[in-house]
Amino acid sequence: MSRTVVNPDTVPNTVQYGFSQAVIVTGQRRMLLSGQVGVDVHERTVGPGLQEQTIAALDNVERVLAAAGGTLAQVIMLRIYICETAREDQEVIAQALRDRFKKDPPPSSWVIVSGLSLPEWLIEIEAEAMLD
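Here the structure is a predicted model, which is why all the values come from computation and not from measurement. (Residues numbered from 1 in each chain as written. Predicted model: local features only at pLDDT ≥ 70, side-chain atom pairs only at ≥ 80, totals over all residues. Heavy atoms only, no water.)

**Student:** Just checking my understanding: could you explain the overall build of the chain for this structure?
**Tutor:** Assigned secondary structure in the chain consists of 2 helices and 6 strands. Along the chain, helices and strands appear, N-terminal first, in the series β-β-β-α-β-α-β-β. For the chain, the C-alpha atoms occupy an extent of roughly 40 × 35 × 20 Å along the three principal directions. Here the chain, with 132 residues, has 40% of them falling under the buried criterion. (Helix = DSSP H or I, 4+ residues; strand = E, 2+ residues; numbered from the N terminus. Buried < 20%, exposed > 50% of the residue type's maximum accessible area, 1.4 Å probe, protein only.)

What follows is the structure in structure tokens.
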């Protein structure tokens, strides 16, 4: 897979928030991941806070990718749904993205929603990847 991020200096610097403006990719297989939330393998919510739920959701993204032979480095887009009740804690999400995507992070969209499938869930992360 060929992957080139695009972060022109003519638009805001989003890398500071853990994501790029765009990515150009070529590859053989495109993988679309369902939204991942902050639960463990037994479907138990990992905790009440946005930080632990964000980390668990990203862990789940990573596990699904690994099952297909992929890695986070192959992610080309994230869509992040944040509960309105957690809207003030978005730096937690940015830090988690910076921790996981240290170089050339994928682009992302962050959407504030009134709620997710279960009332205790604060974040859901969808991903797209290009696999080799």
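**Student:** Teacher, can you tell me more about the pattern of salt bridges here?
**Tutor:** In a structure, side chains of opposite charge can pair up when their charged atoms sit close to one another. Enumeration over the complete set of coordinates arrives at 8 salt bridges. Salt-bridge contacts for D59 lead to R100; the nearest nitrogen and oxygen are separated by 2.5 Å. With D59 in helix α1 (residues 50-67) and R100 in helix α2 (residues 90-100), the pair connects residues that are 41 residues apart, well separated along the chain. Residue class for R100 comes out partly exposed when judged on its relative accessible area of 24%. (Salt bridge = Lys/Arg side-chain N within 4 Å of Asp/Glu carboxyl O.)

**Student:** Explain the side chain of E128 here, please?
**Tutor:** Turning to its location among the elements, E128 is positioned in strand β6 (residues 123-131). By relative accessible area, E128 is classed as buried at 10%. Engagement of the side chain of E128 in a polar contact is seen with the side chain of R79, the distance being 2.7 Å. Here E128 is in contact with R30, M31, L32, Q74, V75, I76, M77 and R79, once residues within four sequence places are set aside. (Polar contact = N/O pair within 3.5 Å; in protein donor to acceptor, adjacent residues only side chain to side chain. Contact = heavy atoms within 4.5 Å.)

**Student:** Hey, could you run me through the nonpolar core in this one?
**Tutor:** In globular proteins that are soluble, nonpolar side chains generally tend to be buried together. Of all hydrophobic cores here, the largest spans 29 residues; its most connected members are L65, L78, I80 and I125. For this core, the secondary structure elements donating two or more residues are β3 (29-37), α1, β4 (75-83), α2 and β6. In this view, I80 contacts I93, L97, S109, W110, V111, I123, E124 and I125; residues no more than four positions away in its chain are not counted. (Core = buried A, V, L, I, M, F, W, Y, C linked by side-chain atoms within 4.5 Å.)

**Student:** So what exactly am I meant to see when it comes to the sheet that holds strand β5 (residues 108-113) here?
**Tutor:** Strand pairing in a sheet takes place through backbone hydrogen bonds and is either antiparallel or parallel in direction. Taken together, 4 strands build an open sheet; the order of strands is β3-β6-β4-β5 and the sheet is mixed. Each edge of the open sheet is held by one strand with a lone partner, namely β3 and β5. When the angles between neighbouring strand axes are averaged without regard to direction, this sheet yields 10°. Across 7 bridges, the pairing between β4 and β6 is antiparallel. Each bridged residue has a counterpart across the sheet, and for L78 the counterpart in β6 is A127. Across the sheet, α1 is in contact with β3, β4 and β6; its angle to β3 comes to roughly 150°. (Pairing = 2+ DSSP bridges. Axes fitted to C-alpha atoms, helices over the stretch in contact; angles between N-to-C directions.)

**Student:** Help me understand unusual backbone geometry, please; the structure alone is not making it clear to me.
**Tutor:** Most peptide bonds take the trans configuration, and most residues that are not glycine carry a negative phi. Its identity is not glycine, yet E43 carries a phi of approximately 65°, on the positive side. Structurally, the position occupied by E43 is in the loop between β3 and α1. Even without being glycine, D104 reaches a positive phi, approximately 50°. Mapped onto the elements, D104 comes out in the loop between α2 and β5. The exposure class of D104 is partly exposed, given its relative accessible area of 35%.

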